[in-house]
Amino acid sequence: MRFRIYRYDPEQDAKPRLQEYDIALDPHDRMLLDALIRLKSVDDSLSFRRSCREGVCGSDAMNINGRNGLACTTNLKTLAEPVELRPLPGLPVVRDLIVDMSQFFKQYHSIKPYLVNDEPPPERERLQSPGERERLDGLYECILCACCSTACPSFWWNPDKFVGPAGLLNAYRFIADSRDRDLNDRLDNLEDPYRLFRCHSIMNCVDVCPKGLNPTRAIGNIKTMIVKRAV
Amino acid sequence: MAVGAHYGARDWLAQRVTAVVMTLYTLLIGLIVLWHGGLDYASWKAMFASTAFRVVSFLFMASLLFHAWVGMRNILMDYAKPTSLRLSLQVAVVCVLVAYAGWTVQVLWGHA
Ligand code: SF4
Ligand code: SF4
Ligand code: FES
């Protein structure tokens with residue numbers, strides 16, 4: 001199978017290049033990650049991140065034939081050759097397919113990704129009704145792979161100011177949680193022309209999310225709550 | 001991170017409200033044209049002789065100008081990175097839009 005892979009070591013290379021590979025795969029190599037691991041056994045200088053190899057850790061997000069996705073959940077049969085692999089767009093490259101996610105996580109941390117509740121805790125746990133728990137479906141599954149935020153033009157132009165779809169989906173995950181008591185501060189934190197309202201519902205995020213989540217809907221819900229609070 | 005320039009929601013809502021006003025006005029014009037089976041100079045003149053129609057037209061222009069302001073500022077926020085450049089361009093946009101508003105008033109009421 002033929003590949004064209006983005007290669008760049010900022011410490012040695014003047015500029016990035018695309019390297020061609022042609023490799024015979026094993027019948028057991030089914031996912032793109034399998035092929036990458038096989039490539040690495042031939043060329044150990046090729047760098048990429050991976051961990052769980054089953055779509056739960058979010059490490060191996062990359063740009064696959066022009067579209068962000070996880071290597072471990074992308075079936076090789078679905079890919080046109082030569083398969084072109086690049087790092088996630090818009091973030092600084094550490095090496096080859098590895099990007100520096102600091103900015104992405106800075107935005108994630110800025111939305112307070114934890115429950116805030118100063119009420120004395122009950123003896124065992126803070127309970128939710130099945131209905132309250134259901135409202136977290138489609139939100140809690142996010143694995144923070146950054147496929148969405150790095151496909152979002154608003155995040156490309158303002159990664160330092162716009163929270164991005166992943167951060168906003170997670171913001172809504174805590175806004176929607178019946179056990180949280182920080183709603184007003186959470187909305188204040190986002191009522192800003194850059195942080196939330198840079199999203200223009202382009203829906204690239206929905207298109208690429210490997211977990212099938214819908215950040216645009218979560219963002220729409222936050223916008224509605226902020227507007228309702230204001231009028 | 002500096003947050004809390006609290007006009008995000010206001011602009012977002014204004015963008016939608018002005019869009020609705022413009023849509024309604026466009027539909028109104030469409031209906032009038034259909035009603036008359038086309039527009040000639042006489043009916044056009046009669047239409048704009050009515051104060052109510054002038055007010056509605058002004059409302060349309062005001063919506064258009066505000067809509068343009070929000071949209072232009074959004075574009076400048078994305079693409080004009082140095083603050084001084086962004087501010088200068090925003091001031092230029094405001095000047096042009098305010099001038100248009102004045103011109104609109106002159107067109108609508110100048111020959112009353
Ligand atoms: S919303 Fe989807 S694409 Fe975005 S970080 Fe979470 S899992 Fe990845
Ligand atoms: S819908 Fe919003 S967050 Fe998602 S890609 Fe578009 S601008 Fe970005
Ligand atoms: S290796 Fe964990 S998500 Fe792909």
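Residues numbered from 1 in each chain as written. Chains lettered and ligands numbered in written order. Predicted model: local features only at pLDDT ≥ 70, side-chain atom pairs only at ≥ 80, totals over all residues. Heavy atoms only, no water.

## Topic: the site of ligand 2
The following threshold applies: The nearness test applies per residue and asks whether one of its heavy atoms lies within 4 Å of the molecule or strand. Secondary structure is summarised from DSSP: a helix means a run of H or I of at least four residues, a strand means a run of E of at least two, and numbering begins at the N terminus for each.
Neighbouring ligand 2 are Cys152(A), Ser154(A), Pro165(A), Cys199(A), His200(A), Ser201(A), Ile202(A), Met203(A), Asn204(A), Cys205(A), Thr216(A) and Ile219(A). Listing elements by their share of the shell around ligand 2, those giving two or more residues are helix H7 (204–208) and helix H8 (215–230) of chain A.

## Regarding the packing of aromatic side chains
Applicable threshold: The rule is short: rings of Phe, Tyr and Trp, with Trp giving its six-membered ring, pair when the centres are within 6.5 Å, and they are stacked under 30 degrees, edge-to-face over 60, tilted in between. For the exposure calls, accessible area comes from a 1.4 Å probe over protein chains only, and a residue counts as buried if that area is under 20% of its type's maximum, exposed if over 50%, partly exposed in between.
Taken as a whole, this structure holds 12 aromatic pairs over all chains when the rule is applied. Seen in terms of ring centroids, Trp157(A) and Tyr79(B) are 5.7 Å apart; in terms of plane orientation they differ by 55 degrees. Their pairing is tilted. Of this pair, Trp157(A) sits in helix H4 (residues 153–157) while Tyr79(B) sits in helix H3 (residues 51–79), which puts the two residues in different chains. Judged by its relative accessible area of 33%, Trp157(A) falls in the partly exposed class.

## Some points on the domain arrangement of chain A
Residue and element names in this part refer to chain A. Operational definition: Boundaries between domains were set according to an automatic or database domain assignment. Residues count as neighbours in contact if any of their non-hydrogen atoms are within 4.5 Å of one another. Put simply, buried area is the surface a 1.4 Å probe can reach on two separate parts but cannot reach once they are joined, added for both. The term salt bridge refers to a pairing of a side-chain nitrogen on Lys or Arg with a carboxyl oxygen on Asp or Glu at a separation within 4 Å.
Each assigned domain of chain A is listed with its residue range as follows: domain 1 (2–99) and domain 2 (102–230). Distance from the C-alpha centre of domain 1 to the C-alpha centre of domain 2: 29 Å. With 13 residues of domain 1 at the contact, the number on the domain 2 side is 12 residues. Between domain 1 and domain 2 lies a buried interface of about 1000 Å² when both sides are counted; carbon and sulfur atoms form 61% of it. It is Arg67, Asn68 and Leu91 in domain 1 that bury the most area against domain 2; as a group they hold 42% of the surface buried on that side. Here domain 1 and domain 2 share 1 salt bridge between them. Salt-bridge contacts for Arg67 lead to Asp207; the nearest nitrogen and oxygen are separated by 3.1 Å.

## Details of the site of ligand 1
Note the following rule: Residues are sorted three ways: Asp, Glu, Lys and Arg are charged, Ala, Val, Leu, Ile, Met, Phe, Trp, Tyr, Cys and Pro are nonpolar, and all the rest, Gly among them, are polar.
Taken together, Cys142(A), Ile143(A), Leu144(A), Cys145(A), Ala146(A), Cys147(A), Cys148(A), Ala166(A), Leu169(A), Cys209(A), Pro210(A) and Lys211(A) are the residues near ligand 1. Looking at the shell around ligand 1 residue by residue, the classes come out as 11 nonpolar, no polar and 1 charged.

## A look at the packing of helix H1 (residues 8–36) of chain B against H3(B)
For any two helices packed against each other, one specifies the inter-axial angle together with the distance between the axes. All names here are of chain B. Just so we agree on the cut-off: Structural elements are reduced to axes, namely lines fitted to C-alpha atoms, with helices fitted over the stretch in contact, and the angle between N-to-C directions of any two is expressed from 0 to 180 degrees. Any angle that falls under 35 degrees is termed roughly parallel, while one over 145 is termed roughly antiparallel, one within 65 to 115 roughly perpendicular, and all others oblique. Two helices that cross are described as forming a left-handed crossing if the nearer one is turned anticlockwise from the farther one by less than a right angle, and a right-handed crossing if clockwise.
For the pair H1 and H3, the least separation of the axes is 9 Å and the interaxial angle reads 140 degrees. The orientation of H1 with respect to H3, classified from their angle, is oblique. By crossing handedness, the relation of H1 to H3 is classed as left-handed. Between H1, through Asp11, Ala14, Gln15, Thr18, Ala19, Val21, Met22, Tyr25, Leu28, Ile29 and Ile32, and H3, the contact on the second element is made entirely by Phe53, Val56, Ser57, Leu59, Phe60, Ser63, Leu64, Phe66, His67, Val70, Gly71 and Arg73.

## Description of H8(A)
Rule in force here: In a helix, the anticipated span is given by 1.5 Å times the number of residues less one. In the analysis that follows, any N or O atom pair within 3.5 Å is treated as a polar contact, provided that within protein one partner can donate a hydrogen and the other can accept it, and provided that, for residues neighboring in sequence, both atoms belong to side chains.
For H8(A), with 16 residues, the first-to-last C-alpha span of 23 Å sits near the 22 Å given by 1.5 Å per residue. Buried residues of H8(A): Pro215(A), Thr216(A), Ala218(A), Ile219(A), Ile222(A), Lys223(A), Ile226(A) and Val227(A), and no others. Turning to H8(A), the residues buried within the fold contact helix H5 (164–175), helix H6 (183–190) and H7 of chain A together with H1 of chain B. If you check the start of H8(A), you find a side-chain oxygen 3.2 Å away from the backbone N of Thr216(A), and it comes from Asn214(A).

## Examining the interface of chain B and chain A
Listed by partner, the interface residues are 17 residues for chain B and 20 residues for chain A. Roughly 1700 Å² is buried in total at the junction of chain B and chain A, and carbon and sulfur atoms are behind 60% of that figure. The interface formed by chain B and chain A includes 1 salt bridge. Secondary-structure elements contributing two or more residues to the side of chain B that touches chain A are H1 and H3 of chain B.

## Observations concerning the environment of Glu125(A)
Checked against the element boundaries, Glu125(A) lands in the loop between helix H2 (102–109) and helix H3 (130–134). Placed 15 residues apart in sequence, Glu125(A) and Ser110(A) show a C-alpha to C-alpha distance of 26 Å.

## Some thoughts on the pattern of salt bridges
One pass over the structure, following the stated rule, counts 19 salt bridges over all chains. Residue Asp11(B) pairs with Arg10(B) through a salt bridge whose shortest N-O separation is 3.8 Å. With a relative accessible area of 7%, Asp11(B) lands in the buried category. Note on Arg10(B): relative accessible area 56%, which makes it exposed. A network of salt bridges, in which partner residues are shared, links Arg4(A), Glu20(A), Glu84(A) and Arg86(A).

## Digging into the side chain of Asp78(B)
Turning to its location among the elements, Asp78(B) is positioned in helix H3. Asp78(B) has contacts with Trp157(A), Asn158(A) and Arg198(A), leaving out every residue within four places of it along the chain.

## Focus on the nonpolar core
Generally speaking, soluble globular proteins have nonpolar side chains that are buried together. Keep this limit in mind: Buried Ala, Val, Leu, Ile, Met, Phe, Trp, Tyr and Cys residues that are joined via side-chain atoms within 4.5 Å together make up what is termed a nonpolar core.
With 66 residues, the main nonpolar core has Phe3(A), Ile5(A), Leu36(A), Leu85(A), Leu190(A) and Ile222(A) as its most contacted residues. For this core, the element with the highest residue contribution is H5(A), accounting for 6 residues. Discounting chain neighbours no more than four positions away, the residues touching Ile5(A) are Arg17(A), Leu18(A), Gln19(A), Tyr21(A), Leu36(A), Leu39(A), Leu46(A), Leu85(A) and Leu97(A). Grouped together as the second largest cluster of nonpolar side chains are 8 residues, Phe48(B), Phe53(B), Phe60(B) and Leu108(B) included.

## Focus on the sheet that holds strand E3 (residues 61–64) of chain A
Residue and element names in this part refer to chain A. To keep things clear, this is the line we draw: Two strands make a pair as long as DSSP finds a minimum of two bridges between them.
Read from one edge to the other, the open sheet built from 5 strands follows the order E2-E1-E5-E3-E4, with strand pairing classed as mixed. Two strands lie at the open edges of the sheet, namely strand E2 (17–22) and strand E4 (67–70), each paired on one side alone. Recorded for the sheet is a direction-independent mean angle of 35 degrees between the axes of neighbouring strands. Of the pairings in the sheet, the one linking strand E1 (residues 2–7) to E2 comprises 6 bridges and is antiparallel in character. Pairing of Phe3 across the sheet is with Tyr21, part of E2. Sitting on the sheet, helix H1 (residues 32–42) touches E1, E2, E3 and strand E5 (83–86), and the angle it makes with E1 is about 75 degrees.

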